[in-house]
Amino acid sequence: RNNWKPVMEAQKQAGIILGYSVQSTRPRTPDEPNIYLVVTYPNMAAFDGLGDRAEPVAQKVTGMDREASRKANAERESMRKILGTEMIRELVLK
């Protein structure tokens with residue numbers, strides 16, 4: 001079962017994230033992703049204690065504690081290859 005969208009919506013309503021989107025691209029090499037899950041946070045301070053704030057929200061939506069969630073994520077790994085994470089910061093020019 002895929003719970004990412006309800007979890008993202010709950011985190012958005014809780015003010016943990018500003019928004020999220022799924023982006024598709026054509027990779028130039030096999031080592032580049034073809035799908036990105038983009039999550040927008042209000043600021044860099046939002047990462048302080050993020051897990052402690054986000055976990056109760058996710059648990060309420062999914063009914064799974066941290067260990068059950070890790071197990072479910074590991075089972076989904078057989079369907080995809082996660083290449084990593086990347087932090088991209090928006091630059092607002094004045």
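Look a little higher up for the structure.
Residues numbered from 1 in each chain as written. Predicted model: local features only at pLDDT ≥ 70, side-chain atom pairs only at ≥ 80, totals over all residues. Heavy atoms only, no water.

A. Examining the pattern of salt bridges more closely. Tallied over the entire structure, the rule returns two salt bridges. Salt-bridge contacts for arginine 66 lead to glutamate 55; the nearest nitrogen and oxygen are separated by 2.4 Å. One end of the pair, arginine 66, is in helix 3 (residues 66–76); the other, glutamate 55, is in helix 2 (residues 50–62), with eleven residues separating them in the sequence. Using a relative accessible area of 37% as the deciding quantity, one classes arginine 66 as partly exposed. (Salt bridge = Lys/Arg side-chain N within 4 Å of Asp/Glu carboxyl O. Helix = DSSP H or I, 4+ residues; strand = E, 2+ residues; numbered from the N terminus. Buried < 20%, exposed > 50% of the residue type's maximum accessible area, 1.4 Å probe, protein only.)

B. Representation of a nonpolar patch on the surface within the structure. A cluster of nonpolar side chains, contributed by Trp4, Val22, Ile35 and Leu37, occupies part of the molecular surface with about 380 Å² of accessible area. Here isoleucine 35 shows up in strand 2 (residues 35–40). With a relative accessible area of 53%, isoleucine 35 lands in the exposed category. (Patch = residues over 30% accessible without salt bridge, like charges linked within 9 Å, V, L, I, M, F, W, Y side chains within 5 Å. Areas by Shrake-Rupley, 256 points an atom, 1.4 Å probe, with all protein chains shown as cover.)

C. Broad picture of the side chain of threonine 62. Relative to the helices and strands, threonine 62 resides in helix 2. Polar contacts involving the side chain of threonine 62 include one to the main-chain amide nitrogen of methionine 64, which spans 3.1 Å. Beyond its immediate sequence surroundings of up to four residues, threonine 62 is in contact with Asn3 and Val7. (Polar contact = N/O pair within 3.5 Å; in protein donor to acceptor, adjacent residues only side chain to side chain. Contact = heavy atoms within 4.5 Å.)

D. Expanded view of helix 2. In this model, helix 2 (13 residues) spans 18 Å end to end at C-alpha, consistent with the 18 Å of a helix rising 1.5 Å per residue. Within the sequence span of helix 2, burial applies to Leu50, Ala54, Val57 and Thr62. The arc that holds every buried residue of helix 2, seen down its axis, measures 120°, which confines them to one face. Exposed residues lying more than 90 degrees from the buried face of helix 2 are Asp52 and Lys60. The secondary structure elements touched by the buried residues of helix 2 are helix 1 (4–13). (Expected span 1.5 Å × (residues − 1). Arc of directions from axis to C-beta.)

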